[in-house]
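Spelled out from the first residue to the last, the chains are:
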Amino acid sequence: MKQHVLIPAAVLCLLAAGCGTQVEKYQGQTSRDDVENMGLNNEVTMEDENPRSVNKVGHTWGLKQDRELVKTAAQQLEGVAVKRVIMEADQIWVTVDIAGEEDMSEEERQEWKDQVGEAVYKAVPRYDIHVKIK
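Student: For this particular structure, what's the right way to read the pairing of strand β2 (residues 91–98)?
Tutor: Taken residue by residue, a regular strand's side chains alternate between the two faces of the sheet. The buried count for β2 comes to six of eight residues, which makes it a mostly enclosed element. In terms of strand pairing, strand β1 (residues 80–88) meets β2 through eight bridges, oriented antiparallel. Bridge pairing in β2 links I86 to W93. In this structure, the hairpin formed by β1 and β2 is closed by a connection of two residues, where A89 is found at a positive phi of approximately 55 degrees. The β-α-β motif built from β2, the intervening helix α4 (residues 106–123) and the parallel element strand β3 (residues 128–133) has right-handed crossover chirality.

Student: Please explain the environment of E68 as it appears in this structure.
Tutor: The topology assignment puts E68 in helix α3 (residues 63–75). C-alpha separation for the pair E68 and V85, spaced 17 residues apart in sequence, amounts to 9.4 Å.

Student: What is the right way to look at the nonpolar core in this model?
Tutor: One recurring pattern in soluble globular proteins is that nonpolar side chains are buried together. In this structure, V70, I92, V96 and V116 are the most contacted members of the largest nonpolar core, which totals 17 residues. Contributions of two or more residues to this core are made by α3, β1, β2, α4 and β3. Leaving out residues up to four positions away in the same chain, V70 has contacts with V85, I92, V94, V120 and V124.

Student: How should I be thinking about the pattern of salt bridges in this particular structure?
Tutor: Any two side chains of opposite charge can pair, given that their charged atoms come close. Evaluated as defined, the whole model comprises three salt bridges. Measuring nitrogen to oxygen at the nearest pair gives 3.8 Å for the salt bridge that ties E101 to R109. Given a relative accessible area of 9%, E101 falls into the buried group. For R109, a relative accessible area of 19% gives the class buried. Here E118 ties to K122 by a salt bridge, and the two come within 3.6 Å at their closest N and O atoms. On the criterion of helical spacing, the pair formed by E118 and K122 is a turn pair, its members being four residues apart in helix α4. On the accessibility criterion, E118 (49% relative accessible area) is partly exposed. Since its relative accessible area comes to 63%, K122 is described here as exposed.

Rules behind the numbers
- Residues numbered from 1 in each chain as written.
- Predicted model: local features only at pLDDT ≥ 70, side-chain atom pairs only at ≥ 80, totals over all residues.
- Heavy atoms only, no water.
- Buried < 20%, exposed > 50% of the residue type's maximum accessible area, 1.4 Å probe, protein only.
- Helix = DSSP H or I, 4+ residues; strand = E, 2+ residues; numbered from the N terminus.
- Pairing = 2+ DSSP bridges.
- Right-handed = clockwise from strand over helix to strand, strands pointing away.
- Core = buried A, V, L, I, M, F, W, Y, C linked by side-chain atoms within 4.5 Å.
- Contact = heavy atoms within 4.5 Å.
- Salt bridge = Lys/Arg side-chain N within 4 Å of Asp/Glu carboxyl O.

Take it as geometry only, folks, not as evidence of what the structure does.
Shown next, in the form of structure tokens:
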């Protein structure tokens, strides 16, 4: 009776030991080194591959590009010089200097604000645009 129990137990132990060495070859198995190096370049550097990382702000998020589009669009109008562009969420505040603004009536100033706002809106329509003449 002891032999009937010992032989299957020994075979079971050999099978369990043999299966244990095969675990590393299964798909999806990762080592500690794999986990520690996730997100790093293949080169030997410590820079992240994530395009939204903090050290790449303005190059990939679109804010720098949007700011340049706003300046370019507003300055296409003759006599307009952009002094400041403030961006916050879906709002843009554009402060411009217009040649001869000292002699303008309030209606003319409003017309210039509308023209600048329309030019900026055509360049970046996803924002609410506020124009100030300084």
